[in-house]
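Chain by chain, the residues:
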Amino acid sequence: MRMIIVGGGQAGRSLARVLLERRHEVCLIEKDRARCAALAEDLNAAVFPGDGTNVAVLERAGARNAGCLMAVTGVDQDNLVAAQLAQGHFGTQKVIARVNDPRNAETFRALGIQDIVSSTEIVVQLIEQEADTAHMHLIASLHQGKGEILSMTLPFDTAWEGQALKDVAFPKGTLVISLIRGGELTIPNGSTVLRAGDELVAVAEERSREALRGVLGETR
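Our subject in this report is the structure included herewith. (Residues numbered from 1 in each chain as written. Predicted model: local features only at pLDDT ≥ 70, side-chain atom pairs only at ≥ 80, totals over all residues. Heavy atoms only, no water.)

A full pass over the atoms with the stated rule returns 15 salt bridges. Among the salt bridges present, the one from R2 reaches E25, with a minimum N-O distance of 2.9 Å. In this pair, R2 is assigned in strand β1 (residues 2-6) and E25 in strand β2 (residues 25-30), connecting sequence segments 23 residues apart. Between E59 and R64 there is a salt bridge; the shortest N-O distance is 2.9 Å. The class of R64 is partly exposed, set by a relative accessible area of 45%. Taken together, the shared-partner salt bridges connect R13, R17 and D42 into one network. (Salt bridge = Lys/Arg side-chain N within 4 Å of Asp/Glu carboxyl O. Helix = DSSP H or I, 4+ residues; strand = E, 2+ residues; numbered from the N terminus. Buried < 20%, exposed > 50% of the residue type's maximum accessible area, 1.4 Å probe, protein only.)

This part takes up the sheet that holds strand β7 (residues 136-142). In space, the 5 strands of this open sheet follow the order β7-β8-β11-β9-β10, with antiparallel pairing throughout. In the strand order of this sheet, the two ends are held by β7 and β10 (184-186), each with one partner. Between one strand axis and the next, the sheet turns by 20° as a mean value, whatever way the strands run. Two elements, strand β9 (residues 175-181) and strand β11 (residues 199-205), share 5 bridges in a ladder whose sense is antiparallel. Along β11, the bridge assignment pairs S178 with V201. (Pairing = 2+ DSSP bridges. Axes fitted to C-alpha atoms, helices over the stretch in contact; angles between N-to-C directions.)

Moving on, we come to helix α7 (residues 209-216). What sets the pattern is the α-helix's 3.6 residues per turn: residues three or four places apart point alike. Those residues of α7 that fall on the buried side of the exposure criterion are R209, L212, R213, V215 and L216. Down the axis of α7, the buried set is contained in an arc of 165°. They therefore lie on one face. (Arc of directions from axis to C-beta.)

Spatially, the 6 strands line up as an open sheet ordered β3-β2-β1-β4-β5-β6, and their pairing is parallel. With one partner strand each, in any of the chains shown, β3 (46-49) and β6 (116-118) form the two edges of the open sheet. On average, each strand axis in the sheet is tilted by 20° relative to the strand beside it, whichever way the strands run. Looking at chain direction, strand β4 (residues 68-71) and strand β5 (residues 94-99) are connected through 4 bridges and run parallel. Bridge pairing in β5 places M70 opposite I96. Lying over the sheet, helix α2 (residues 33-42) contacts β2 and β3, oriented at roughly 175° with respect to β3. (Contact = heavy atoms within 4.5 Å.)

This part covers the state of the cysteines. Under the counting rule described, the total for this entry stands at 0 disulfides. With no disulfide partner, C36 has as its closest neighbouring cysteine sulfur the one in C27, 13 Å distant. Overall, the relative accessible area of 8% leaves C36 in the buried class. Of the cysteine sulfurs around C68, a residue in no disulfide, the closest is that of C27, at 12 Å. Judged by its relative accessible area of 6%, C68 falls in the buried class. (Disulfide = S-S within 2.5 Å.)

So, about helix α4 (residues 76-89). Look at α4: 19 Å from first C-alpha to last across 14 residues, which is about the 20 Å you get at 1.5 Å a residue. Of all the residues in α4, the buried ones are D76, D78, N79, L80, A82, A83, L85 and A86. G91 sits one or two positions beyond α4 and adopts a positive phi of about 65°. (Expected span 1.5 Å × (residues − 1).)

Set out below in structure tokens:
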């Protein structure tokens, strides 16, 4: 899936790394040309120098065909405009905006941008990704944290080796949306047979995270 990130600072760079690890096509938009050069050197992503609030720049980055646009600059006004353009002008499927000043959150929502994250939430997510010893990673929060997109790698001694996906007792409200095996991504169904080392990506309720970790972490 094509992912567009507006803002090549620490948040944008970290998001890009996570999305590239998940085999997404990443396009970064950054105003500062020196930073663009550093990003191009560091990441296997398309880097577009320019202003993410400019329609022509968003067009060049492929906003019309993007599955998601994330505006994560350090300037709330820029994030709001980029998100509004993606949502209203380009019809981007999913739009997420960073709010640096929590006082602006209601303004974003009033103007139609419902999926917002604060700087604090981004930092917490990055810490969780590093500290999660059970190999579960938080990819994104949904609907103000009520839902999450999570990934987890089945352990080498998984209890689900050779079992069909439909036989896994997932917590209520959990949907597995992709499976990565040997670097290849597939869309699984109930008859998909699981193997140790499989990386499952699922959408789940926030309160189901520990239950999901317990199920997928079961060993023989």
